[in-house]
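Topology and contacts: notes
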Amino acid sequence: MFHSRTVEIWVGLFVAIGFAALFMLAMQVSNLSTVTGDDGYEVTARFENISGLKVRSAVTMAGVKIGKVSDINFDPQTFEAVVSLRIDSRYNEIPTDTSASIFTAGLLGEKYIGLEAGGEEELLLAGDELELTQSSLILEQLIGQFLFSKAADGDDE
Amino acid sequence: MTYMSNVNDKPLIEIRDLHFKRGEQVIFDGVDIDIPRGKITAIMGPSGTGKTTLLRLIGGQLRPDAGTILVDGQEVAALSTRELYQLRKRMGMLFQSGALLTDINVYENVAFPLREHTELSESMIRSLVLVKLEAVGLRGARHLMPSELSGGMARRVALARAIALDPMMILYDEPFTGQDPISMGVLLELIHTLNNALGLTSIVVSHDVKETITISDHIYLLSNGKVIAHGSPDELEKSPSDWAQQFLQGLADGPVPFHYAANDYAEDLLVTMGKHMKGGAV
Amino acid sequence: MSEKKHSPLTPLLDWLQQLGRFCLGFFERLGRGHLLLFHIVSGIPGLAFKWRLVVFQLYSVGVLSLLIIVVSGLFVGMVLGLQGYNTLVDFGAEESLGTFVALTLVRELGPVVSALLFAGRAGSSLTAEIGLMKATEQLSGMEMMAVNPVKRILAPRFLAGVLSLPLLAAIFSAIGVMGGYFVGVDLLGVDDGAYWSQMQAKVDLHDDIYNGVIKSIVFGIVVTWIAVFEGYDCTPTSEGVSRATTRTVVHASLAVLGLDFVLTALMFGEG
């Protein structure tokens, strides 16, 4: 039981550093500081095609992340994708006629949902549905359309 | 038997018809031993006769295959773990190596059983530890680590630790092996005086015949899983058994053959030569 | 015996016997290991009165592993920064370097590499220490002093190991993220803000960090359990102790890697 004070100080230091590292991982590395847990409210939006959007994808407004995709379902009646968006409770003054579009970050990047505010006075509440949506752009379709129109142009000449 | 006259009350340890096997090897094959109270009893025999095993059986670390071991009226093998631990607090055991805890110093080693089993204050523990260390003459060595002790000193510290809880008996496992004459003398003296001064019962397992005989009141000779002879040192010296005489006098040949059981020597050699011949022919 | 040798089935029977013996031995060891774990765990509540013992073990198991964890964490993080940058820059995605480094460390390398280092550094020394205590009759001696060595010696070491590894893994990951930052931002010129913000956008507290911590707790239990069991169960000779030490490192490392796959499949399988 020699130098018990030194040993104890070292152990104290070790535990402190360990918890500091855990704290740093939680605060600095993870999204804890940007989106706090599960509080917030949920709205839904229907899209014809969401290709590439995933649960946990970002929901942004004017480029600022305000929430995330919490659930994705398929509606077998209308053949549409039903996406649930969990929006941080700080951003609770969003008009009901806000439109939702699926964008791609960069050419090959992640899909995310961008919201664009409308002009209504009424505000979105939990459980509301966003009526105006624009589906994901699919690269293959775009290229196909582009080639097709080019070919059509060529025929005209 | 003659020794019955020395026993005034019930023996502290009664072993009856003890059988014990390790794997296929028979260690004890019907052994009866009585250890009288307040005396030094020596258990002797050649290496490998299971003397240490006997101590472990008494201490409850091993269970006999058949037979009973009564320690102070309690059957060791039938005790629950809790009862066994209670019994062990009243037994001290001195291991061949000393078995001191190597990460703490001499003082803490002797204090270890006190700290584990009593709620004594630090100053009480200190006085007790110093008393025990003084008894073995190592009060001055209390700050040393076990690695700094000689073999004899380590055994004396272990002895101080064994008597820390004032046990009713002490089991000594080969206390004299590998000791120089001086520490051998010290250990002999210690075992003798501690036994008389503290009213202990001592069991000494040893094959150092001359030394052990000088301090023991009663001797058991074990070989091949049986008690070959027993009695006081004087009785044993007059024992008619050839085996006992060979062991006590340390003769090279006798009932215990010098040679390990083998085929005929000449035949064995011939086989080797035959092989060589064959090898040469090829 | 000689009659048996003539039968044509003998080699097959021998082989079957060997297989049977191997399996029996394996399950016997497994059973002893679980019994020991049970005894150790049942001894842990008693440590509430002996915190000192645990503190000393935290020192020898945790604090003494700190250096190797910090140094390895730093270098692993720096390598991740360098390699990640070289790969990502081809796609113009070097801004995702922070995400790459952090996810790799928090989900996988932090828990796994620190568990492997822990097995080599602390696990082997636990096995050797306990094995030597057995070989020098210290455990036996303790039993004869009516002190249960499982509770007195094994339980504090086990608890200290289980508590240490999650902390060491967290330190490893945190240092690694800083090492990646140093290489990516300071040396290679990735944007400082992008490094952290991309990281924070993608690393999830629950899915990534908690799961990483759970992994390292599981690894801590398994590695320390193996180390303590091998020491306690070893043949009490110098050869036995050295074999047990080797076995600890090999078995613990294999167990960590195997369990990592299972845990990863359970935790991140759907995503």
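So, how was this worked out
Residues numbered from 1 in each chain as written. Chains lettered and ligands numbered in written order. Predicted model: local features only at pLDDT ≥ 70, side-chain atom pairs only at ≥ 80, totals over all residues. Heavy atoms only, no water. Contact = heavy atoms within 4.5 Å. Buried area = accessible area lost by both parts, 1.4 Å probe. Salt bridge = Lys/Arg side-chain N within 4 Å of Asp/Glu carboxyl O. Polar contact = N/O pair within 3.5 Å; in protein donor to acceptor, adjacent residues only side chain to side chain. Helix = DSSP H or I, 4+ residues; strand = E, 2+ residues; numbered from the N terminus. Buried < 20%, exposed > 50% of the residue type's maximum accessible area, 1.4 Å probe, protein only. Pairing = 2+ DSSP bridges. Phe/Tyr/Trp six-rings, centres within 6.5 Å; stacked < 30°, edge-to-face > 60°. 1 Å grid on protein atoms, 1.4 Å probe; cavity = no way out; pocket = protein on both sides within 12 Å on 5 of 7 lines; lining within 4 Å. Points joined across faces, edges and corners; volume = space filled by probe spheres on them. Nonpolar A, V, L, I, M, F, W, Y, C, P; charged D, E, K, R; others polar.

**Digging into the interface of chain C and chain A**
On the chain A side, the residues contacting the 31 residues of chain C number 29 residues. Here chain C and chain A share an interface that buries about 2700 Å² over both sides, 76% of which is from carbon and sulfur atoms. Where chain C packs against chain A, one counts two salt bridges. Between Arg52(C) and Glu8(A) there is a salt bridge; the shortest N-O distance is 3.3 Å. Viewed at the interface, chain A and chain C are joined by one residue pair in polar contact (both at pLDDT 80 or more).

**With respect to the environment of Thr99(C)**
Residue and element names in this part refer to chain C. By the element assignment, threonine 99 lies in helix H5 (residues 97-135). When its relative accessible area of 9% is taken as the criterion, threonine 99 is described as buried. Here the alpha-carbon distance between threonine 99 and valine 177, two residues 78 residues apart in the chain, equals 9.7 Å. Those residues in contact with threonine 99 that lie beyond four places of it in its chain are Gln198, Met199 and Lys202.

**Some thoughts on the pairing of strand S6 (residues 91-94) of chain B**
Residues and elements named next belong to chain B. On S6, burial covers both faces: Met91 and Met93 on one face and Gly92 and Leu94 on the other are all buried. Pairing of S6 with strand S7 (residues 169-173) involves four bridges; the strand directions are parallel. Residue pairing in the sheet places methionine 91 in a bridge with methionine 169 of S7.

**Some points on the environment of Arg155(B)**
All names here are of chain B. Positionally, arginine 155 belongs in helix H5 (residues 151-162). Note on arginine 155: relative accessible area 8%, which makes it buried. In this structure the C-alpha to C-alpha distance between arginine 155 and valine 136, which are 19 residues apart in sequence, comes to 9.7 Å. Not counting residues up to four positions away in its chain, the partners in contact with arginine 155 are Leu94, Gln96, Glu174, Pro175, Phe176, Thr177, Gln179 and Leu187. A polar contact of 3.1 Å, which involves the side chain of arginine 155, links it to the backbone oxygen of glutamine 96.

**With respect to the packing of aromatic side chains**
Residue and element names in this part refer to chain C. Across all of its chains, the model carries six aromatic pairs over all chains by this definition. With a centroid separation of 5.4 Å and an interplanar angle of 75 degrees, the aromatic rings of tyrosine 181 and tyrosine 195 are classed as edge-to-face. A residue pair is termed long-range when its members are at least 10 positions apart, and tyrosine 181 in helix H7 (residues 149-187) and tyrosine 195 in helix H8 (residues 192-202) qualify at 14 residues. Ring centres of tyrosine 195 and tryptophan 196 lie 5.3 Å apart, and the angle between their planes is 90 degrees; on these two criteria the pair is classed as edge-to-face. For tyrosine 195, a relative accessible area of 0% gives the class buried. By the ring-pair criterion, three or more aromatic residues cluster together here, those being Tyr181, Tyr195 and Trp196.

**Points about empty space enclosed by the protein**
Considering all chains together, one arrives at four cavities of 30 Å³ or more under this definition. Looking at the largest cavity, its volume works out to about 130 Å³. In terms of lining, the largest cavity is formed by 15 residues, of which the most central are Met91(B), Gly92(B), Ala162(B), Met144(C) and Met145(C). Looking at the lining of the largest cavity, the elements that each hand over two or more residues are helix H2 (81-89), S6 and H5 of chain B together with helix H6 (138-144) of chain C. Classifying every residue of the lining of the largest cavity by side-chain character gives ten nonpolar, two polar and three charged. The volume enclosed by the second largest cavity comes to roughly 80 Å³. Around the second largest cavity, the lining residues are Leu22(A), Leu25(A), Val106(C), Pro111(C), Pro166(C), Ala169(C), Ala170(C), Ser173(C), Ile209(C), Gly212(C), Val213(C) and Ser216(C). Looking at the lining of the second largest cavity, the elements with two or more residues in it are helix H1 (4-29) of chain A together with H5, H7 and helix H9 (205-233) of chain C.

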